[in-house]
Amino acid sequence: MNQSTGTERTMTSLAAGDTAKKPDFSKLLLEGRAFLALALIIVVFSLLSPNFLTVDNLLIMSSHVAIFALLSLGQLLVVLTGGIDLSVGSTLGFTAVIGGFLLRGVELDIFGVTLYPNVAASVLIAVVLGGLIGALNGVLVARFKVAPFVATLGMLYVIRGFALLMTNGRTLNDLSGDEALGNTGFEWLGFNRILGIPAGVLIMAVIALVIALVLGRTTFGRWLYATGGNQRAAQLSGVPVRKVTVWVYVISGLCSAVAGLILASTLTSASPTAGNTYELTAIAGVVIGGAALSGGRGTVRGTLLGAFVIGFLSDGLVLIGVSAYWQTVFVGAVIVVAVLLNSLQYGRPRRAAKVSPGAGAGVGAGADADPATGTGTDRADAVRSDADADADPTTGSGSDRPDEGRSGPGAGPDTDRTD
């Protein structure tokens, strides 16, 4: 038995080595689909419109993309843990209203005065509120075990309702401020350029770089991927899953708040309905970028490419005069195709086989995904004839082995084993 098993292992290793030497072009195409889609969009719209590829137009489109990219980056962290945040669009609108509300002055009827916070204070308060909204989402999901879809959907309506109540459903206009009141400079986020690059694009780039470093170079990043790959295995490995879950929602709220302030600064107005359906755009950017909605797979680079695909596609359709209704159709079609390609790349998750009460722990835990790679091991489907493959990964003890003469699920451990 051991000799045949060793022979099988050797043949499997040789086959794996031969396969590794041959490049899989279909896999390369799937992994690089976001980049290829962006390149195709640029080529097609450059041919259809001579103004598409000009420097000024690219900078304008990039400033539009920055809003979507910030939402998608926050959404990426949530998706990597296997969750979803539907409140990012409402958080964007609410924080924009908070910033505009503060800049226009806060009336204190009790004292008969009106306070005019400066721009820095208004921005800081709005960003902190965005983080608190994310923290509330995280607590509902991590501590109270509310489904992420339900928790964030409810928060979507709550935050949008507060924004409408604060403004009576009206837009707050003229947020440029007054020099005599010391609250000017808010439009800097939307209109100012540094070295010719819009400030919003630079802010997006800095946040993307920080998140990429966190995911790739820190313990928190490894915890995050482990949580999305296999939450139970991560807990057994000592990963503080609850804290990780709360923090990813906090970061998502912070990114949404920054995006809302940039949007309000660009428009010099704050609307309580701003960001409507932006949560879907954020999810689309993550999916197009190659992240798996089941968690554990996704990169900052892919998410940025996904956001640029959506932004450039939308602006390109506007530039060539396509109807807004058709724009919705095209963007939706791109999202559907992206989801289909994700299914081809990652495949459908296999359902673990039912195990009898007497079966070993190794079989029950076998369908868990590897937290490092995010790939499923699917041990429950494997034939466990090899004695060396039966150790339970969490306890180190051997599981029930079919070749040891176990006659039923209630059979006890073998004491008279002969190897």
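Please read all numbers here as calculations on a predicted model, not as lab measurements.

A look at the overall build of the chain
The secondary structure content of the chain amounts to 16 helices and four strands. Going through the 419 residues of the chain one by one, you find that 41% of them count as buried. The long-range fraction of contacts in the chain, counting pairs at least 24 apart against all pairs at least 6 apart in sequence, stands at 72%.

Side note on helix α14 (residues 300–319)
Between its first and last C-alpha atoms α14 spans 28 Å; for 20 residues at 1.5 Å apiece the expected length is 28 Å, and the two agree. Across the 20 residues of α14, 15 count as buried, placing the element largely inside the fold. Looking one or two residues beyond α14, the residue adopting positive phi is Gly 321, at roughly 85 degrees.

Quick notes on the packing of aromatic side chains
What the rule picks out here adds up to five aromatic pairs. Where Phe 52 meets Phe 312, the ring centres are 6.2 Å apart and the plane angle is 90 degrees; that geometry is what we call edge-to-face. Pair noted here: Phe 52 is in the loop between α3 (33–48) and α4 (55–80) and Phe 312 is in helix α14, with a separation of 260 residues, a long-range link. Of the two residues examined, Phe 52 and Phe 312, each falls in the buried class. Centre to centre, the rings of Phe 68 and Tyr 278 are 5.5 Å apart; their planes meet at 75 degrees, and the pair counts as edge-to-face. In this pair, Phe 68 is assigned in helix α4 and Tyr 278 in helix α13 (residues 278–288), connecting sequence segments 210 residues apart.

Description of the packing of α4 against α14
Put simply, α4 and α14 touch, their axes get as near as 8 Å, and they point 135 degrees apart. By the angle between their directions, the pair α4 and α14 is classed as oblique. For the crossing formed where α4 meets α14, the hand is right-handed. Only Val 300, Thr 303, Leu 304, Ala 307, Phe 308, Gly 311, Phe 312, Asp 315 and Leu 319 of α14 make contact with α4, whose side of the interface consists of Asn 57, Leu 58, Met 61, Ser 62, His 64, Val 65, Phe 68, Ala 69, Ser 72, Leu 73 and Leu 76. Looking at side-chain class alone, the contact of α4 with α14 contains 13 nonpolar, six polar and one charged residues.

Brief notes about the layout of surface pockets
Within this model, the second largest pocket holds a volume of roughly 720 Å³. Every element with two or more residues in the lining of the second largest pocket is listed here: α4, α8 (188–191), α9 (199–217), α12 (241–267), α13, α14 and α15 (324–346). Per-element accounting of the lining of the second largest pocket gives the leading share, six residues, to α15. Among the residues forming the lining of the second largest pocket, the class breakdown is 18 nonpolar, 13 polar and two charged.

Description of a nonpolar patch on the surface
On the surface, a cluster of nonpolar side chains totalling about 420 Å² of accessible area is made up of Leu 40, Val 44, Leu 48, Leu 319 and Ile 320. Examined against the element boundaries, Val 44 turns out to sit in helix α3. For Val 44, a relative accessible area of 36% translates into the label partly exposed.

Some points on unusual backbone geometry
Phi is positive for Thr 268, close to 50 degrees, though the residue is something other than glycine. Among the secondary structure elements, Thr 268 is positioned in the loop between α12 and α13. Since its relative accessible area comes to 27%, Thr 268 is described here as partly exposed. The phi torsion at Thr 277 lies on the positive side, around 70 degrees, for a residue other than glycine. Mapped onto the fold, Thr 277 is located in the loop between α12 and α13.

Structural notes on the packing of α14 against α15
For the pair α14 and α15, interaxial distance at closest approach is 10 Å and the crossing angle is 155 degrees. The pairing of α14 with α15 is recorded here as roughly antiparallel in orientation. For the element pair α14 and α15, the recorded crossing hand is right-handed. For the pair formed by α14 and α15, the contact residues are Val 309, Leu 313, Ser 314, Leu 317 and Val 318 on the first element and Gln 327, Phe 330, Val 331 and Val 334 on the second. Taken together, the residues of the contact of α14 with α15 sort by class into seven nonpolar, two polar and no charged.

Notes on the nonpolar core
If you look at the biggest cluster of nonpolar residues, it comprises 82 residues, and the most contacted ones within it are Phe 186, Ile 211, Leu 215 and Phe 312. At 13 residues, α4 tops the list of elements feeding residues into this core. With sequence-adjacent residues up to four places away left out, Phe 312 is seen in contact with Leu 38, Ile 41, Ile 42, Phe 45, Phe 52, Leu 58, Met 61, Ser 62 and Val 65.

Observations regarding α15
Along an α-helix, residues three or four apart share an orientation, since each turn contains 3.6 residues. Look at α15: 33 Å from first C-alpha to last across 23 residues, which is about the 33 Å you get at 1.5 Å a residue. Inspection of α15 places Gln 327, Val 331, Ala 338 and Asn 342 among the buried residues, and these make up the whole buried set. Along its buried surface, α15 packs onto α3, α13 and α14.

Procedures and definitions
Residues numbered from 1 in each chain as written. Predicted model: local features only at pLDDT ≥ 70, side-chain atom pairs only at ≥ 80, totals over all residues. Heavy atoms only, no water. Helix = DSSP H or I, 4+ residues; strand = E, 2+ residues; numbered from the N terminus. Buried < 20%, exposed > 50% of the residue type's maximum accessible area, 1.4 Å probe, protein only. Contact = heavy atoms within 4.5 Å. Expected span 1.5 Å × (residues − 1). Phe/Tyr/Trp six-rings, centres within 6.5 Å; stacked < 30°, edge-to-face > 60°. Axes fitted to C-alpha atoms, helices over the stretch in contact; angles between N-to-C directions. Parallel < 35°, antiparallel > 145°, perpendicular 65-115°, else oblique. Left-handed = near helix turned anticlockwise from the far one by under 90°. Nonpolar A, V, L, I, M, F, W, Y, C, P; charged D, E, K, R; others polar. 1 Å grid on protein atoms, 1.4 Å probe; cavity = no way out; pocket = protein on both sides within 12 Å on 5 of 7 lines; lining within 4 Å. Points joined across faces, edges and corners; volume = space filled by probe spheres on them. Patch = residues over 30% accessible without salt bridge, like charges linked within 9 Å, V, L, I, M, F, W, Y side chains within 5 Å. Areas by Shrake-Rupley, 256 points an atom, 1.4 Å probe, with all protein chains shown as cover. Salt bridge = Lys/Arg side-chain N within 4 Å of Asp/Glu carboxyl O. Core = buried A, V, L, I, M, F, W, Y, C linked by side-chain atoms within 4.5 Å.

Note that every value here comes from positions in space, so none of it alone points to a role or purpose.
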